[in-house]
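In case you want the letters, here they are:
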Amino acid sequence: MRHGQGLFVSHGVVIMTNLFVTPCRKDEGGELMAHTWFESVAEAQRRAGKRLPRSVYSALIAGSEKGVTLRDNQAAFDELGLVPRTAGLPDKRDLATTVMGRPVSMPVLISPTGVQAVCPEGEVAVARAAASRGTAMGLSSFASKTIEEVVAANPLTFFQVYWCGTRDEMLRRFERARNAGAAGVILTLDWSFSHSRDWGSPHIPERVTLAEAVRFAPQALARPRWLWAYLRTGHVPDLTVPNMAVDDQPAPAFFGAYGQWMRTPPPTWEDVRWLRAQWDGPFLLKGVYRVDEARRAVDAGVTAISVSNHGGNNLDGTPATIRALPAVAEAVGDQVEVLLDGGIRRGGDVVRALALGARAVLIGRAYLWGLAAGGQAGVENVLDVLRNGIDSTLLALGRGSVHDLTREDVLVPPGFEVRRPG
């Protein structure tokens, strides 16, 4: 199994906060050893909690300020009922679809999260898991692994970028992604600077030093299997973000790149239009929530939009993304593909989102729990749980394909949806 090293979720970015790393154990032939199967994302989360030091685990469930948006992203799905059938159910169900012209085996994609230091292989392990299950990988520009490594593991990789640095620097990052063979680009705009969290933010080192190791030793000693597995690796991870490097410069530390992003003036819609024109291929704009901005995204020429609030790590008090989805899909769904990101924990959640207008969904914390619980095999397990849940929900609804889902399959209570502004 693969387990993990310390991390901290800052505005959706997973940052290492601990020295100790569990290796991804392999058999004599180099293959991953048997993974103990789990039946739900909730169980993956429980196992991650048992494997990770306290501060690391608490960081994974982070949300901005009071966590209102974080909680609502999941809770809102519970308000949506489903309308099952009892006879004439389809013998087989088709889960396959396309996203931005690329075929995927099911409407579930990997959302980009930065510095995935849960397992030594990090994003590469996630990319392999996604490839093995026939779906796409979103790779953060703040990732711990290079785009070249990740694309080699999964050619269906969409490279995520922020509006960060000069236009020339952005163009050179695009060129690197193009040369690496990235299938498309994701521009993330749903990340602003949140100054506090009621649960408290753990200490994040600039780099792992002996002093930092001593500081985190008590928590690591409380997880002896985790600690012992790290001792077998013989190396100490760092906090660099190699995909933010320009040309032959060394990879900057996370906080160096983060500081550059903070110093960069926020983009205008003309900037979005300009950046989209620099990429000749699929272009997803992540973070659209309002109908008026969905229309402006269409005008900017994007291929798809993702209704997202950065997993509850942006403006706290923003209602769940599933509440905003129907209005956005109705307004622009016939012009661009509309995806949903936020709160997905089971296949039934995916079905609800598709019935309300989403082409597909992106998952974040769900696969990170799997990565912490079992490395690549744990991520594969999470994807299998979601696939099985989609299939069984389609069966109960009497739908033979994900493309057959309609609003009639979902009971939407009065006042559920966000219909303003736009």
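Values in this document were obtained by computation on a predicted structure and should not be read as measured data.

Quick notes on the rules
Residues numbered from 1 in each chain as written. Predicted model: local features only at pLDDT ≥ 70, side-chain atom pairs only at ≥ 80, totals over all residues. Heavy atoms only, no water. Helix = DSSP H or I, 4+ residues; strand = E, 2+ residues; numbered from the N terminus. Buried < 20%, exposed > 50% of the residue type's maximum accessible area, 1.4 Å probe, protein only. Contact = heavy atoms within 4.5 Å. Areas by Shrake-Rupley, 256 points an atom, 1.4 Å probe, with all protein chains shown as cover. Right-handed = clockwise from strand over helix to strand, strands pointing away. Pairing = 2+ DSSP bridges. Core = buried A, V, L, I, M, F, W, Y, C linked by side-chain atoms within 4.5 Å. Axes fitted to C-alpha atoms, helices over the stretch in contact; angles between N-to-C directions. Left-handed = near helix turned anticlockwise from the far one by under 90°. Nonpolar A, V, L, I, M, F, W, Y, C, P; charged D, E, K, R; others polar. Salt bridge = Lys/Arg side-chain N within 4 Å of Asp/Glu carboxyl O. Phe/Tyr/Trp six-rings, centres within 6.5 Å; stacked < 30°, edge-to-face > 60°. Expected span 1.5 Å × (residues − 1). Arc of directions from axis to C-beta.

### So, the overall build of the chain
Summing up its helical and strand segments, the chain has 14 helices and 14 strands in all. Evaluated residue by residue, the chain yields a buried proportion of 61% over its 422 residues. Contacts spanning at least 24 positions in sequence make up 74% of the contacts within the chain whose residues lie at least 6 apart. Split by element, the accessible area of the chain, about 16600 Å² in all, is 51% carbon and sulfur.

### Here's the deal with the pairing of strand S12 (residues 337-341)
Most of S12 is tucked away, with 5 of its 5 residues classed as buried. The two faces of S12 match: Glu 337, Leu 339 and Asp 341 on one face and Val 338 and Leu 340 on the other face are all buried. In this region the chain leaves strand S11 (residues 304-307), passes through helix H12 (residues 321-332) and returns to the parallel neighbour S12; the handedness of that crossover is right-handed. Across 3 bridges, the pairing between S12 and strand S13 (residues 360-363) is parallel. In the strand pairing of S13, Leu 340 is matched with Val 361. As for the winding sense of the linkage, the β-α-β connection from S12 through helix H13 (residues 347-355) to S13 is right-handed.

### Details of the pairing of S11
Covered by surrounding structure in S11 are Ala 304 and Ser 306 together with Ile 305 and Val 307, the residues of both alternating faces. Inspection of the sheet shows strand S10 (residues 283-288) paired to S11 by 4 bridges, in the parallel sense. Note that in S11 the partner of Val 288 across the bridge is Val 307. In this fold, the crossover linking S10 to S11 by way of helix H11 (residues 291-299) has right-handed handedness.

### Structural notes on the nonpolar core
Formed by 97 residues in total, the largest nonpolar core has its most connected members in Val 108, Ile 305, Ile 322, Leu 325, Val 332, Leu 340 and Ile 363. Considering every element that reaches this core, the biggest residue donor is helix H14 (residues 365-397), with 14 residues. Non-local contacts of Leu 325, meaning those with residues more than four positions away in its chain, are made with Val 307, Val 338, Leu 340, Ala 353, Leu 356, Gly 357 and Ala 358. Within the second largest apolar cluster, 14 residues are counted, among which are Phe 158, Ala 183, Leu 339 and Ala 360.

### A look at the side chain of Ser 308
Counting through the fold element by element, Ser 308 comes out in the loop between S11 and H12. Given a relative accessible area of 2%, Ser 308 falls into the buried group. Those residues within four positions of Ser 308 in sequence are excluded, and the remaining contacts are Asp 190, Lys 286, Gly 287, Val 288, Thr 321 and Asp 341.

### Overview of the environment of Val 385
Inspection of the secondary structure puts Val 385 in helix H14. In this structure, the C-alpha to C-alpha distance between Val 385 and Arg 346, residues 39 residues apart in sequence, is 7.2 Å. If sequence neighbours within four positions are ignored, Val 385 has contacts with Phe 38, Glu 39, Ser 40 and Val 41.

### What to know about the packing of H11 against H12
Direction vectors running N to C along H11 and H12 enclose 40 degrees, while the axes themselves pass 9 Å from each other. Seen along the crossing, H11 lies across H12 with a hand that is right-handed. Contacts from Val 291, Ala 294, Arg 295 and Val 298 in H11 reach Ala 327, Val 328, Ala 331 and Val 332 in H12. Per-class residue counts for the contact of H11 with H12 are 7 nonpolar, no polar and 1 charged.

### As for helix H4 (residues 122-132)
For H4, a buried count of 8 out of 11 residues is recorded, marking the element as mostly surrounded by other parts of the structure. Within the span of H4, buried status applies to Gly 122, Glu 123, Val 124, Ala 125, Val 126, Ala 127, Ala 129 and Ala 130. For H4, the elements touching its buried residues are strand S6 (108-110), strand S7 (137-139), helix H5 (147-153) and H14. Of the residues trailing H4, Gly 134 is marked for its positive phi of about 75 degrees.

### What about the pattern of salt bridges?
Tallied over the entire structure, the rule returns 21 salt bridges. Between Asp 72 and Arg 323 there is a salt bridge, and its shortest N-O distance comes to 2.9 Å. Taken together, the positions of Asp 72 in helix H3 (residues 68-78) and Arg 323 in helix H12 put the pair 251 residues apart, joining distant regions of the chain. With relative accessibility at 10%, the residue Arg 323 sits in the buried group.

### Topic: the environment of Val 410
Checked against the element boundaries, Val 410 lands in strand S14 (residues 410-411). With a relative accessible area of 6%, Val 410 lands in the buried category. Sequence separation between Val 410 and Leu 397 is 13 residues; the distance between their C-alpha atoms is 9.7 Å. Residues in contact with Val 410, not counting those within four places in the same chain, are Leu 80, Gly 81, Leu 82, Arg 352 and Ala 355.

### Some thoughts on the packing of aromatic side chains
Inspection of the entire model under this criterion finds 8 aromatic pairs. Consider the rings of Phe 254 and Tyr 258, whose centres lie 5.7 Å apart with planes at 20 degrees: the pair is stacked. Here Tyr 258 and Phe 254 lie together in helix H9 (residues 254-263), a separation of 4 residues that amounts to about one turn. Assigned by exposure class, Phe 254 and Tyr 258 land together as buried.

### Some thoughts on helix H6 (residues 167-180)
Between the first and last C-alpha of H6 there are 20 Å, a value that for 14 residues agrees with the 20 Å anticipated at 1.5 Å per step. Taken together, the buried positions of H6 are Glu 169, Met 170, Arg 173, Phe 174, Ala 177 and Ala 180. Buried residues along H6 cover an arc of 140 degrees about the axis, so they all sit on one side. Check the buried side of H6 and you find it contacts H5, strand S8 (157-161), strand S9 (184-188), H9, helix H10 (269-277) and S10. Residue Gly 181 follows H6 closely and has a positive phi angle near 95 degrees.

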